[in-house]
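Summary of structural features
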Amino acid sequence: MATAKFRVAICGGGIGGLTLAVALSRYPDIRVDVYEAAAQFKEIGAGVMMWQRTWEILKLLGLGKEFGDIAHASPDSSPGVGFDYRKSDQPEEGFRFYLFQVPYGCIRFHRAQFLDVLVDHLPAGVAHFGRRLTFYNTAQTTSQTSGRRDSEITLYFADGATATCDLLVGCDGIKSVIRKKMLEDLVNKHGGSPTLLEHIEPIWSGTIAYRGLIPVSRLKTGGKEHRTIQTPMMHVVSYGISRGSIVNVVAMASQPHLYGTTYDGPWVRDCDRDELLQCFTGWEPEVEEMLQCIEKPTKWALYELKPLPVYVQGRIALLGDAGAGAGQAIEDAFILAEILGHPSTTLSTLSQTLSAYEAVRLPMANHILKGSRESGTMYEFNGPYGDDFARLGPQIGKQWDWVWMTTPQEEREKALQLAQAKTDLGARL
Ligand SMILES: Cc1cc2nc3c(=O)[nH]c(=O)nc-3n(C[C@H](O)[C@H](O)[C@H](O)COP(=O)(O)OP(=O)(O)OC[C@H]3O[C@@H](n4cnc5c(N)ncnc54)[C@H](O)[C@@H]3O)c2cc1C
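Description of the structure in this document. Owing to the predicted nature of the structure, the values given are computational and were not obtained by experimental measurement.

**Considering the overall build of the chain**
- Helix and strand content of the chain: 12 helices and 21 strands.
- Scaling as 2.2 N^0.38, a compact globule of 429 residues should have a C-alpha radius of gyration of about 22 Å, and the chain matches this with 23 Å.
- With the principal axes as the frame, the chain shows a C-alpha extent of 75 × 45 × 45 Å.
- Only carbon and sulfur atoms are counted for the fraction: they give 52% of the accessible area of the chain, which is about 18,900 Å².
- Counting 43 positive and 49 negative side-chain charges, the chain places the centres of these two groups 4 Å from one another.

Here it is in structure tokens:
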């Protein structure tokens, strides 16, 4: 390896952390270490859907062929169905109230296969397993050669091991210990408002998601194909993955009045098919038929964060669920890697670079957080348009504008320009 210009520690090897590691591996002058709490990288057996903007990133990372091979079908830029929005919660046949179409439609993957592609592209020696971060601190050190004072970050792990780095990126998911420490430091050491602490604990949304996978053969009975084999459906979310061989189902049971209350039980657990079927009794026949085919459902309490006030503090940055979906995590990772890898970014300009990352990505993370919540309520007819379908459909369409009205490439340019401007300003002061 060339002499490293700085050392990046990535805490958490989920989709966000591994995308960042793979994106950074294109720059031989950056040292990367991934610290993962588990004994191996793993994702659950379920689906994940993405849009054109995330697909462009995967291609820019040189992974188009590999991801194309594991998508639901080869990604194709002609208009495809994003979602077929339906009203399904009545015993008689439901109806479509809005068809959302975009170039590529939604591109769908099996989560474990998605992670495997990233793992396959991780350089040797980067991954450290069984390293659950419990704490970090930042110490000022003076460089023997330049005399410059630098901030080195020391990482402390549950097994007693320690490590050091110049930049720590929190990719440790929605329960992020890094987000917690960052916010506590802002309050306790930097005089920040105690209200910052309200952004530490995830909030239960009042929704339970029942998830399951169905081999497609089970959805072809009596010479009839279930429509979700070809089309991503919404009211009960369902779509094909793995070259069309499996259908992924996410059935949401929401009680909006319970938003913010304490959920009594583990975040994720196995459940009986009977519980799932009982929950959706009285829904249209095609939903009931589909749910009958799920052999081993799991039950997820869905949590969210309050929109975040910070994404960066000093040389610590948040990414993905530690901050805001998987597509979001991949965009964060791409933009952060591009600006860190830029030749003008050095150890001494890291703070300016990170502050440019925050300026560009924090508004986007918060926009997506807020948008996901609003969309969720609209999909279940609990939003301001209720079940006024003539108005609801177009409004749902508008909610998707951000997917194509901006591109991650434009955000990368914005972040690079901002980092440059901040560095120039820093040099003049
Ligand atoms: C029901 C459901 C459906 C979803 N569907 C979609 C979808 O269709 N499209 C989409 O874009 N997003 C979807 N999402 C959101 C998406 O799953 C997440 O946004 C994404 O997985 C976040 O990735 P991440 O890498 O930031 O975090 P995570 O996947 O949570 O990874 C965090 C990693 O950090 C490790 N870790 C945690 N703490 C520590 C520690 N202290 N030290 C070291 N390692 C640690 C964990 O072991 C894990 O490997 C869905 C989420 C849910 C719940």
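**A word on the layout of surface pockets**
- Here the second largest pocket is characterised by a volume of approximately 260 Å³.
- Surrounding the second largest pocket, 13 residues form its lining, Lys 224, Glu 225, His 226, Glu 286 and Glu 289 being those nearest its centre.
- Going through the elements one at a time, strand 14 (224–225) and helix 7 (285–292) are the ones with two or more residues in the lining of the second largest pocket.
- The biggest single contributor to the lining of the second largest pocket is helix 7, with three residues.
- Broken down by class, the residue content of the lining of the second largest pocket amounts to three nonpolar, two polar and eight charged.

**A look at the pairing of strand 11 (residues 167–170)**
- Of the two faces of strand 11, the one carrying Leu 167 and Val 169 and the one carrying Leu 168 and Gly 170 are both buried.
- Pairing of strand 11 with strand 21 (residues 316–318) involves three bridges; the strand directions are parallel. By the bridge assignment, Val 169 is partnered in strand 21 with Ala 317.

**Quick word on the packing of helix 1 (residues 15–24) against helix 4 (residues 111–120)**
- Taken N-terminus to C-terminus, the directions of helix 1 and helix 4 make an angle of 25°; their axes are 9 Å apart at the nearest point. The orientation of helix 1 relative to helix 4 falls into the category roughly parallel. With respect to the hand of their crossing, helix 1 and helix 4 are arranged in left-handed fashion. Two secondary-structure elements touch here, helix 1 through Ile 15, Leu 18, Thr 19 and Val 22 and helix 4 through Arg 111, Phe 114, Leu 115, Leu 118 and Val 119.
- Of the residues belonging to the contact of helix 1 with helix 4, the class tally is seven nonpolar, one polar and one charged.

**Section: the site of the ligand**
- Neighbouring the ligand are 28 residues, the closest being Gly 16, Glu 36, Arg 111, Asp 321 and Gly 325.
- A distance of 3.1 Å separates an oxygen atom of the ligand from a polar backbone atom of Met 49.
- Of all the secondary-structure elements, those providing two or more residues to the shell around the ligand are helix 1, strand 2 (30–36), strand 3 (47–50), strand 19 (298–304) and helix 8 (326–341).
- Here the residues of the shell around the ligand are counted per class, giving 13 nonpolar, eight polar and seven charged.
- Two domains each donate at least three residues to the shell around the ligand, and these are domain 1 (6–37 + 130–201 + 309–389 + 406–428) and domain 2 (79–109 + 203–304).

Quick notes on the rules
- Residues numbered from 1 in each chain as written.
- Predicted model: local features only at pLDDT ≥ 70, side-chain atom pairs only at ≥ 80, totals over all residues.
- Heavy atoms only, no water.
- Helix = DSSP H or I, 4+ residues; strand = E, 2+ residues; numbered from the N terminus.
- Rg over C-alpha atoms; globule rule 2.2 N^0.38 Å.
- Areas by Shrake-Rupley, 256 points an atom, 1.4 Å probe, with all protein chains shown as cover.
- Lys, Arg positive; Asp, Glu negative; His and termini not counted.
- Charge placed at Lys NZ, Arg CZ, Asp CG, Glu CD.
- 1 Å grid on protein atoms, 1.4 Å probe; cavity = no way out; pocket = protein on both sides within 12 Å on 5 of 7 lines; lining within 4 Å.
- Points joined across faces, edges and corners; volume = space filled by probe spheres on them.
- Nonpolar A, V, L, I, M, F, W, Y, C, P; charged D, E, K, R; others polar.
- Buried < 20%, exposed > 50% of the residue type's maximum accessible area, 1.4 Å probe, protein only.
- Pairing = 2+ DSSP bridges.
- Axes fitted to C-alpha atoms, helices over the stretch in contact; angles between N-to-C directions.
- Parallel < 35°, antiparallel > 145°, perpendicular 65-115°, else oblique.
- Left-handed = near helix turned anticlockwise from the far one by under 90°.
- Contact = heavy atoms within 4.5 Å.
- Near = heavy atom within 4 Å.
- Polar contact = N/O pair within 3.5 Å; in protein donor to acceptor, adjacent residues only side chain to side chain.
- Domains from an automatic or database assignment.

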